[in-house]
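Single-letter residue listing:
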Amino acid sequence: TWNAIAGGISAIDRYGVGTDQKISAYRTVINWAASQPTGSTFSAGSIEAIIASLRIVSASNLAKSASELRPKTLQEAFKQYDMVVAVIGDEMKVARSKCNDTLYLALRDFLVEAQTVLLNRAYNLPVVVQYKTGGALGFSLAAAYDIYGDAKKFATIEQYNPNSLPYALGDVITATRAA
């Protein structure tokens, strides 16, 4: 049983299409494991150990996948942070309710490490600002030249304005702050 579970978790990590899909898959596994009844041909303790292991492995892989996802804005970074902290926090509550001190302490250490990595990444993101142009800079090349003094940085402008028509921008341009 454990080999099948480990193989499934590895498959999500290896063959997942993108990080968002991996995160979604891990959340599904965690929620599924939490809803499983304990009655079966295995002892209740064995089933509980399998479910706890599955949830922990899924939670750690979820945190790993979230750390691979590079947020563009501070808001996206904090959304990731909140999701990872909530999932690990839920696992800590389960460990505490089962009086499993060893697991609880291991999850707490993991939570501290995950928080450190995610907060460090969030606070080291480039500053993103909105430039109000009144439509004067309609194209990403012109906007890049006006903001950065370098038209070659047009990709940065397009990265932060993905909903704009190709190469065409609106009255407000979102971009990293010029140095």
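This one's a predicted model, so the numbers in the text were calculated from it and none came from an experiment.

Novice: Break down the overall build of the protein for me, with residues and values.
Specialist: Check the secondary structure of the protein and you find seven helices and two strands. Within the span of the protein, comprising 179 residues, buried residues form 31% of the whole. Taking contacts inside the protein between residues at least 6 apart in sequence as the whole, the part at least 24 apart equals 64%. Accessible surface for the protein amounts to roughly 10,800 Å². Of this, 57% is attributable to carbon and sulfur atoms.

Novice: An account of the nonpolar core is needed here, citing residue identities and associated values.
Specialist: Counting residues in hydrophobic clusters, the biggest one holds 14 residues, and the most contacted among them are Val84, Ile88 and Met92. When contributions to this core are tallied by element, the ones reaching two or more residues are helix 3 (44-68), helix 4 (74-97) and helix 5 (101-123). Counting residues in each nonpolar core, the second largest holds eight residues, with Ile147, Ile157, Leu169 and Ala175 among its members.

Novice: I'd like to hear about the packing of aromatic side chains, residue by residue, with values.
Specialist: Overall, the coordinates contain one aromatic pair when judged by the stated rule. With a centroid separation of 5.7 Å and 70° between ring planes, the pair formed by Phe78 and Tyr123 is classed as edge-to-face. Highlighted residues: Phe78 in helix 4 and Tyr123 in helix 5, separated in sequence by 45 residues. Residue classification places Phe78 among the partly exposed positions, given a relative accessible area of 26%. The class of Tyr123 is exposed, set by a relative accessible area of 57%. Taking NZ or CZ as reference, Lys153 lies 5.4 Å from the ring centre of Tyr148, over its face.

Conventions and cut-offs
- Residues numbered from 1 in each chain as written.
- Predicted model: local features only at pLDDT ≥ 70, side-chain atom pairs only at ≥ 80, totals over all residues.
- Heavy atoms only, no water.
- Helix = DSSP H or I, 4+ residues; strand = E, 2+ residues; numbered from the N terminus.
- Buried < 20%, exposed > 50% of the residue type's maximum accessible area, 1.4 Å probe, protein only.
- Contact = heavy atoms within 4.5 Å.
- Areas by Shrake-Rupley, 256 points an atom, 1.4 Å probe, with all protein chains shown as cover.
- Core = buried A, V, L, I, M, F, W, Y, C linked by side-chain atoms within 4.5 Å.
- Phe/Tyr/Trp six-rings, centres within 6.5 Å; stacked < 30°, edge-to-face > 60°.
- Lys NZ or Arg CZ within 6 Å of the ring centre and 35° of its normal.

Coordinates in, geometry out; function isn't part of it.
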